[in-house]
Amino acid sequence: MATKKIAVVVGSLRKESFSRKIAQTMIKLAEGKLDMEIVEIRDLPMYNEDDETATPPHAFTEFRNRIRAADGVLFITPEYNRSVPAALKNAIDVGSRPYGKAAWTAKPCAIVSQSPGALGGFGANHHLRQMLPFLNMPAMPAPEAYLGGIAAKFEGDTLTDDSLRGFLQTFVDSFAGWVDKHAG
């Protein structure tokens, strides 16, 4: 069976964000199981239905095509004000349009949220999880991933916490099974 292609959507725009570092770590842990690649959201204009013409913005078309080409989606996000960052919500809106042609439809997915605080982005994780049924995305129910105290788990770009590395490996392995079971 061919390795499944996974679009990794990082909710933070910051180049040195912990979400991006987690994504890069998980991409390495998935080698040989999943072909994971970050699909950037930083260049997406704010969604405006007025832009849904015969020639929508190039960034919209490119993003939608990359999501459509994937077998599944992994969302990795920080928490902003007990929710997802505006850039991630915008990407979700861009991918959900035009109506009836959503790029997200039937893509199995999973969520990893993180925070320097103890709750590990619980609010962002569940707010995102609330959107997924409307997008018709089967979300992996377990294991759940709320990574708290994330600032102490990296030195530079390197994950130094062996316990977290083990958990992320378990998560990746579970997600590979979820995608195999639910990918069209």
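Residues numbered from 1 in each chain as written. Predicted model: local features only at pLDDT ≥ 70, side-chain atom pairs only at ≥ 80, totals over all residues. Heavy atoms only, no water.

## Comments concerning the pairing of strand 2 (residues 34-38)
Move 1: The alternating pattern of strand 2 places Leu-34, Met-36 and Ile-38 on a buried face and Asp-35 and Glu-37 on a face that is not buried.
Move 2: In terms of strand pairing, strand 1 (residues 4-10) meets strand 2 through five bridges, oriented parallel. Residue Ala-7 lies in a different strand from strand 2, and its bridge partner there is Glu-37.
Move 3: In this region the chain leaves strand 1, passes through helix 1 (residues 18-29) and returns to the parallel neighbour strand 2; the handedness of that crossover is right-handed. (Buried < 20%, exposed > 50% of the residue type's maximum accessible area, 1.4 Å probe, protein only. Helix = DSSP H or I, 4+ residues; strand = E, 2+ residues; numbered from the N terminus. Pairing = 2+ DSSP bridges. Right-handed = clockwise from strand over helix to strand, strands pointing away.)

## Regarding empty space enclosed by the protein
Rolling a probe over the atoms, with the probe sized like a water molecule, indicates the empty space that remains.
Move 1: What the rule picks out here adds up to one cavity of 30 Å³ or more.
Move 2: Here the largest cavity defines a volume of roughly 40 Å³.
Move 3: Here the residues of the lining of the largest cavity sort into six nonpolar, one polar and three charged. (1 Å grid on protein atoms, 1.4 Å probe; cavity = no way out; pocket = protein on both sides within 12 Å on 5 of 7 lines; lining within 4 Å. Points joined across faces, edges and corners; volume = space filled by probe spheres on them. Nonpolar A, V, L, I, M, F, W, Y, C, P; charged D, E, K, R; others polar.)

## As for the sheet that holds strand 2
Remark on secondary structure: sheet strands pair via backbone hydrogen bonds, oriented parallel or antiparallel.
Move 1: Taken in spatial order, the five strands make up an open sheet running 2-1-3-4-5, and their pairing is parallel. If you trace the sheet from one side to the other, it starts and ends with strand 2 and strand 5 (145-147), each paired once. Going across the sheet, the axis of each strand differs from the next one's by a mean of 20 degrees, ignoring polarity.
Move 2: Against the sheet, helix 4 (residues 122-131) contacts strand 3 (72-78), strand 4 (109-114) and strand 5, and its axis sits at roughly 155 degrees relative to strand 4. (Axes fitted to C-alpha atoms, helices over the stretch in contact; angles between N-to-C directions. Contact = heavy atoms within 4.5 Å.)

## Details of the packing of aromatic side chains
Move 1: With the rule as written, the count across this model stands at six aromatic pairs.
Move 2: With centroids separated by 5.8 Å and ring planes inclined at 20 degrees, the aromatic side chains of Tyr-47 and Phe-60 adopt a geometry described as stacked. Of this pair, Tyr-47 sits in the loop between strand 2 and helix 2 (58-69) while Phe-60 sits in helix 2, placing them 13 residues apart in sequence.
Move 3: Looking at Phe-60, the relative accessible area reads 0%, which means it is buried.
Move 4: On the basis of an interplanar angle of 50 degrees and a centroid distance of 6.3 Å, the ring pair of Phe-167 and Phe-171 is categorised as tilted. Note that Phe-167 and Phe-171 are positioned in helix 5 (residues 162-182) at a spacing of four residues, about one turn of the helix.
Move 5: Taking the relative accessible area as the measure of exposure, Phe-171 reaches 1% and is therefore buried. (Phe/Tyr/Trp six-rings, centres within 6.5 Å; stacked < 30°, edge-to-face > 60°.)

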